[in-house]
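If you want the building blocks of each chain, they are given just below.
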Amino acid sequence: MNDGRPKPARTYRLNAAKSPPGEKEVPDGGSGRTGGGFATATLCVEVAVNVPRLGPLTYRVPEELAGALIPGVRVMVPLGRRRMTGYVVSPPAPLQGEGPGPASLKDVIRLLDEEPVLTGEMIALTRWVADYYCCGWGEAIRAALPGVGERKSVERVRLTEAGRSEAALEASGLGLPGLGGEKDAPLRARVLAALKARPRRLDQLAAAAGRGARQEAGRLIDEGLAEKVSAEEGGSAPRVVRWVRLVEMPEGALGENLDSRAPRQAAVLQLIENTEDKRIMLRELERLSPGARGACAGMAKKGWVILEDGPPPDPSTDDAPAGHIPAGAIRPPEGVELTPAQRTAFDAVAAGIRTQTYSVTLLHGVTGSGKTEVYLRLAQEALDAGRGALILVPEIGLTPQLLGRFQSRFGGHVACLHSAYPERKRAAEWRRVRSGEAPVVIGTRSAVYAPLPDIGFIAVDEEHDASYKQDDAPRYNARDTAIVRARRAGVPIVLGSATPSLESYSRAAAGAYRLMTLPARPGGRPLPEVRLVDLRRERGGDPKAPPLLSKQLAGAIHERLERGEQCLLFLNRRGFSSVILCRDCGASAECQNCSVPLTFHLNAGGGAGRLQCHLCDLSMPPPTTCPHCGSGRVAYFGLGTERVEEAVRARFPRARVRRMDRDTVRRSGAYDEILGAVRKGEVDILIGTQMVAKGHDFPRMTLVGVILADVGLHLPDFRAGERTFQLLTQVAGRAGRADLPGEVIVQTFRPGHYAVTCAREHDYAAFYEIESRARRETGYPPYRRLARLRFEARQSSVAASAGAWTRNFMEKNGALPSTRSHGGDAELVFLGPAPAMLARVRGIHRHHMLLKSTTARRLSEALRALDEEFHNQKNFGSVHLIIDVNPQSLL
């Protein structure tokens, strides 16, 4: 089996041979001209397709494409009965090695791009991603081209002329109105009516005509009344074309001497010379002068012309791309001076930008310490050197504020790449980056693949954030991928955070990364004071439950409202009530598809409220009686941001209150509208989840209240304590970021937990010491490499069986159960299998295992062997094995 990691290319072969059309004359042995004659050899290319676990496939090069198939272009290729977009990852070369001859290979169908959409740097980087994260190379490439659509063949069923006549007879005989097809009509009539309306995919036909439609369509095809047709669908690549620019007209180039020696070069030079800006598209040159491509390649070697990628001319404007920013053209605003700590960090990294030296710097700065200003100065340093800069942020919501700061400094030379943009805008931004028009890129996870022509600096802001890890294939971590990109490009990278991940901080402590600290906020502004409220001692109207707003927090809110300042109330749980229980039998309302309780959302369903599943989006009205025992004593327990909003509005009726969570920002533009209202002073109290906890700067926000700090603290995940500390520290950092002092009030049932106490003291070093000791003793990162294996199946017993087989396989290959790992000294150990914490999601049962290793090499070997052998087992055809390297969640 080819698992998609770098291996010798797999050849894709036909059942029946056909004569190879793309033969080229090469000397015997394929190594050049010899004294004998010539032998023929078929040129082949390796192509990666977006299929799980699949490595590159080998296809023949048709004669008409022999000069056009270069690494990085997209092609249409056959794969089984389908046609798919593929990515050429090798130059054409004669078929090597033993095995069936070239006649058994399939041809590349056609070329989709005039110029490569992938640079050599991106081809190499995606290969590393495929290898390290155990996915197909095509999957990794697809993730690297978020602004480039894929084309694939789609099969539909359509009526023949005889079928159309049959459909008309059926409709008239049954009295069907038009082409609607009544539900009580015979199946054949419904299928004919649906197909007469338009050709349909089989799934669309089944939805339109009902059960049995697929089989009926097969009978119509057998009778000659219908036929299957294939058509290509999907997006197209961002338009990038090759330009030819005249550098220097050689002496006598247009005279008889060059005309006789190199007539094609002379003709091309004449065409370029006649253009207004001495620049023309290579495609246009080829049209005007056949053979111009080869002539330009020869002249480029002589230095007469330059071949460069760029967007096609815009018919609406004559403006040329802006290109690189001249050195020194952009300077920081007057009056903005770096603090000594900022200057030290800047100087250390800037030296690497100037000398093009790879390094990793962990910039550990408290909240509000000015990390963004350091990024701005370093980006400017890269631009002054004629190179580009890439700044990654973990969430889309953080891009507008950061983008605004960079645009105010660098103007239109900044591009933004993230998935919330419409496809056309993403493609346009991609083109701007690729052409060099926008040498500064701000973006989320997928922007790590930004096609900067000459990258000079990378920054990963909030490097600890779990959002940098992709949940589905390819399951890459953008932070780690950015480090690999920086190393391969020979440029410095900065990882910035107020709460660094233990993995990054431990590497800095060991000397693998450079550690730079920003211990204070500019201007001597103090960090906010943090007070803890023990909810075990709080009593409200209900003696059995503490109030949502303690006396201390309610009093602090009242003071801010009196002074015209703003408050932020944080709870990392949306909805109104998280649990609905019957008071008589104890049954709870659970999702029928997932092993989680349904959450009650008060503002859903037109104000009547709805029960919703946060995993599969199942929605239903709340019950008035218990479906198990019929009791009418149904109670709502737990809390969410909606309940907090209700309590705040009741307590402070005159306050201007806004809520910001996933429910309130679904509408396009809602996110920016809410944040804009806060910055304009139109909001007194902002209530939100983690999307308001980091990165935002509200000058008049002086109070942060954490409604319940314990949410997530006791999840069965070894990172639960770290995430709680990070979240509390980050949300506390929203207070007092300007001239007004800040205060933070944290409500908790565990005031003595080290994650809470260390956050109160802003003491990362103490937290790191305690947490790293626990990780070392239990064998978790950063002291062990980790991979999670998840087995998904429709039946729990099938998933469990796959897990048991995997356990036996790992034991036979030298892995030890964690209970027999001799104090954690074994090179490879495993935990499980066991049902996952979320044992069922969208009707799929999930079991999982953990693999721990002392080295990345041993872990990779074990995963490679398992992946190969598991998919050779015929018993597990219905089981989906998910390999997650360096997982960020164990739920």
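Here goes a summary of the coordinates provided. (Residues numbered from 1 in each chain as written. Predicted model: local features only at pLDDT ≥ 70, side-chain atom pairs only at ≥ 80, totals over all residues. Heavy atoms only, no water.)

**Describing the side chain of R788**
Summarising the element assignment, R788 is placed in strand β32 (residues 785-793). No salt bridge is formed by the buried R788; its nearest oppositely charged neighbour, D884, is found at 5.7 Å. A polar atom in the side chain of R788 sits 3.1 Å from the side chain of H848. There is a polar contact of 3.3 Å between the side chain of R788 and the backbone oxygen of L890. Setting aside residues no more than four positions away along its own chain, R788 makes contact with A836, R846, H848, M849, L850, I882, I883, D884, P887, S889, L890 and L891. (Helix = DSSP H or I, 4+ residues; strand = E, 2+ residues; numbered from the N terminus. Buried < 20%, exposed > 50% of the residue type's maximum accessible area, 1.4 Å probe, protein only. Lys, Arg positive; Asp, Glu negative; His and termini not counted. Salt bridge = Lys/Arg side-chain N within 4 Å of Asp/Glu carboxyl O. Polar contact = N/O pair within 3.5 Å; in protein donor to acceptor, adjacent residues only side chain to side chain. Contact = heavy atoms within 4.5 Å.)

**Notes on the pattern of salt bridges**
Where charged atoms from two side chains of opposite charge come close, those side chains can pair. A complete count under the given rule lists 50 salt bridges for this structure. Put simply, R723 and D717 hold a salt bridge, and the shortest N to O gap is 4.0 Å. Connected through salt bridges with shared partners, the residues R531, E559, R560, R563, E565 and E743 form a single ionic network.

**Digging into the packing of aromatic side chains**
Tallied over the entire structure, the rule returns 19 aromatic pairs. Aromatic side chains Y764 and Y768 sit 6.3 Å apart centroid to centroid with 20° between the ring planes, which places their arrangement in the stacked category. One end of the pair is Y764 and the other is Y768, both in helix α22 (residues 764-778) and four residues apart, which spans about a single turn. Y764 sits in the buried class, given a relative accessible area of 6%. For Y768, a relative accessible area of 12% corresponds to the buried category. Aromatic rings pair up to connect Y505, F725, Y754, Y764, F767 and Y768 into one cluster. Here R279 stacks its cationic end above the ring of W243, 3.8 Å away from the centre of that ring. Note that K852 overlies the ring of Y780, its terminal NZ or CZ placed 3.7 Å from the centroid. (Phe/Tyr/Trp six-rings, centres within 6.5 Å; stacked < 30°, edge-to-face > 60°. Lys NZ or Arg CZ within 6 Å of the ring centre and 35° of its normal.)

**Some points on the state of the cysteines**
For the structure on display, the rule yields zero disulfides. Unpaired in terms of disulfides, C616 finds its nearest cysteine sulfur in C591, a separation of 3.5 Å. Classification of C616 as buried rests on a relative accessible area of 17%. (Disulfide = S-S within 2.5 Å.)

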